[in-house]
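Single-letter residue listing:
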Amino acid sequence: MIKRIKFKGIIFRNFEIKDFKKIIEKKGLFLFPSGPGLASIETEKKYFEALKAANYTFFDSGYFVILLRYLKKIKVNKLSGYIFIKSFLKYIEKNNNKKLFLIDPSIKLSLSNRKLLKKKGVLKKNLHNYIAPKYNPKLILDKKLLNTIKKIRPNYILINIGGGTQEILGLYIKKNINFKCTILCNGAAISFFTGDQAPINNFYDKIYLGWLIRIIFNPIIFIPRYLRTIKLINIVLKNDIKIFYK
């Protein structure tokens, strides 16, 4: 079985959800790049740098998985942010002593996330939220955020802001804190479970139709975003991919 691949300097780990318990205890920056995100790696340098610097990058994009299979004859497992967070919520129910630090885009979403995690049994003293300012992805500086994280020293940081910026913020945090923790950047997948995002379920995720549900739920945002993924076809075709079996 393929263990990982190297694509344009990015190491993608080929895990299955049955590996979750082994993965979740590891430290570092965990990224789940979307199809639109991967289609931007030749123009968005900071985002590209974050993908290359991650400790664990997963095959979140079903579109990318399909392109690898049919254009490069490489078969890997899709491990979406949706499925990962679903497993994380189950994990945190049994491990409610873990400190969580959520970086949210608004007070409304922050309250939704807190409500969900409290239902899962996370203790109030272990649940911390930070409302993110509007970051410039080309130059992220947030000393207040860093000082708060250093003071709390969470086990897990969940970055729930938009893709393309959250990965860059995750790398910024990783480089500027003085302790090890797990930084999860999975496209604000927690919002699938609070009801603030499109109503995706296991069935749609398994058949790679999460993108369609998102378009139906919010066509103005997601139609242009997914049209941009056409670029990824050429990026995959023109680049060699190194496969590792160990």
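See above for the structure.
Below you will find a few notes about this structure. (Residues numbered from 1 in each chain as written. Predicted model: local features only at pLDDT ≥ 70, side-chain atom pairs only at ≥ 80, totals over all residues. Heavy atoms only, no water.)

Formed by 49 residues in total, the largest nonpolar core has its most connected members in Ile5, Ile103, Leu169 and Ile173. It is helix H8 (residues 166-176) that provides the largest number of residues to this core, a total of 5 residues. Leaving out residues up to four positions away in the same chain, Leu169 has contacts with Ile103, Tyr135, Ile140, Leu145, Ile159 and Ile161. Formed by 31 residues, the second largest nonpolar core is a distinct cluster that contains Phe15, Ile85, Ala189 and Phe192. (Core = buried A, V, L, I, M, F, W, Y, C linked by side-chain atoms within 4.5 Å. Buried < 20%, exposed > 50% of the residue type's maximum accessible area, 1.4 Å probe, protein only. Helix = DSSP H or I, 4+ residues; strand = E, 2+ residues; numbered from the N terminus. Contact = heavy atoms within 4.5 Å.)

Moving on, we get to the pairing of strand S2 (residues 10-13). Residues Ile10 and Phe12 line the buried face of S2, whereas the alternating positions Ile11 and Arg13 sit on a face that is not buried. Summarising the sheet, S2 and strand S4 (residues 56-58) pair through 2 bridges and their orientation is parallel. Opposite Arg13, over in S4, you have Phe58 as the bridge partner. (Pairing = 2+ DSSP bridges.)

Turning next to unusual backbone geometry. The backbone of Lys8 sits at a positive phi, close to 55 degrees, despite the residue not being glycine. Looking at where Lys8 falls in the secondary structure, it is placed in the loop between strand S1 (4-7) and S2. Lys8 sits in the partly exposed class, given a relative accessible area of 24%. Look at Arg153: it is not a glycine, yet its phi comes out positive at around 50 degrees. With respect to the helices and strands, the residue Arg153 is situated in the loop between helix H7 (143-152) and strand S7 (156-159).

Right, let's get into the side chain of Asn14. With respect to the helices, strands and loops of the structure, Asn14 is situated in the loop between S2 and helix H1 (20-24). You can call Asn14 buried: its relative accessible area is 5%. Side-chain polar atoms of Asn14 contact the backbone nitrogen of Asn77, separated by 2.7 Å. Beyond its immediate chain neighbours, meaning those up to four positions away, Asn14 contacts Met1, Ile2, Lys3, Arg4, Phe59, Val76 and Asn77. (Polar contact = N/O pair within 3.5 Å; in protein donor to acceptor, adjacent residues only side chain to side chain.)

Bear in mind that shape data such as this cannot, by itself, settle questions of function.
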